[in-house]
Protein chains: 2
Amino acid sequence: MYKVKVFVTLRESVLDPQGNAVKHSLHSMNYNEVSDVRIGKYLELSIEKSERPVEEVVKEMCERLLANVVIEDYRFEIEEAVAQ
Amino acid sequence: MYKVKVFVTLRESVLDPQGNAVKHSLHSMNYNEVSDVRIGKYLELSIEKSERPVEEVVKEMCERLLANVVIEDYRFEIEEAVAQ
């Protein structure tokens, strides 16, 4: 069993209106030290072992479903969970 | 200047319908090894130095705006960015 953390972020060149809205909210609350906010997705997957290497499976899932690779980047961390 | 990464996740006891929808999509694509999916938010903040310690500022922003602490947990990582 693996615990996989996937981070999906907008590419640098893509505007982030949601992040801008949060930045403006923070400024209106007097957190003027915040100069930029970017918002992405964070996914935690539990994956059973299978014949295929888990890296390969996760990469394929990211490309096919979890990230829109036209406008988003992704990265992931895999850790093997101890059986309980 | 600090780069701060904030992870906001649903508390364990809270149902995650969005995560379930993604899990079912993955199963329909034959990724049957995926046993659980939880979806959260991932924020990257750029924060200028100020009088207050950055940990204190980030914690307060999380409690007041970025996370809904009734149903969400948050954690964050702070790294000092090298001036460019």
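The structure contained in this document is the topic of the report that follows. (Residues numbered from 1 in each chain as written. Chains lettered and ligands numbered in written order. Predicted model: local features only at pLDDT ≥ 70, side-chain atom pairs only at ≥ 80, totals over all residues. Heavy atoms only, no water.)

Turning our attention to the packing of helix H1 (residues 17–28) of chain A against helix H2 (residues 54–66) of chain B. Contact geometry for H1(A) and H2(B): axes closest at 11 Å, N-to-C directions at 110 degrees. Classified by the angle their axes make, H1(A) and H2(B) are roughly perpendicular. Touching Val22(A), Ser25(A) and Leu26(A) of H1(A) are Met61(B), Leu65(B) and Leu66(B), all from H2(B). For the contact of H1(A) with H2(B), the per-class residue count stands at 5 nonpolar, 1 polar and no charged. (Axes fitted to C-alpha atoms, helices over the stretch in contact; angles between N-to-C directions. Helix = DSSP H or I, 4+ residues; strand = E, 2+ residues; numbered from the N terminus. Parallel < 35°, antiparallel > 145°, perpendicular 65-115°, else oblique. Contact = heavy atoms within 4.5 Å. Nonpolar A, V, L, I, M, F, W, Y, C, P; charged D, E, K, R; others polar.)

Glancing now at helix H1 (residues 17–28) of chain B. Spanning 12 residues, H1(B) covers 16 Å between terminal C-alpha atoms, matching the ideal 16 Å at 1.5 Å per step. Taken together, the buried positions of H1(B) are Gly19(B), Val22(B), Lys23(B) and Leu26(B). Down the axis of H1(B), the sector holding all buried residues measures 100 degrees, keeping them to one side. Along H1(B), the residues that are exposed and aim more than 90 degrees away from the buried face are Pro17(B), His24(B) and Ser28(B). Along its buried surface, H1(B) packs onto helix H2 (54–66) of chain A together with strand S2 (34–47) of chain B. (Expected span 1.5 Å × (residues − 1). Buried < 20%, exposed > 50% of the residue type's maximum accessible area, 1.4 Å probe, protein only. Arc of directions from axis to C-beta.)

What follows covers the pairing of strand S1 (residues 2–10) of chain A. Residue and element names in this part refer to chain A. Pairing of S1 with strand S2 (residues 34–47) involves 7 bridges; the strand directions are antiparallel. Across the sheet, the residue bridging to Lys-3 is Ser-46, located in S2. Where S1 meets strand S3 (residues 72–80), 9 bridges bridge the pair, whose relative direction is antiparallel. From the neighbouring strand, Phe-7 faces S3, where its bridge partner is Arg-75. (Pairing = 2+ DSSP bridges.)

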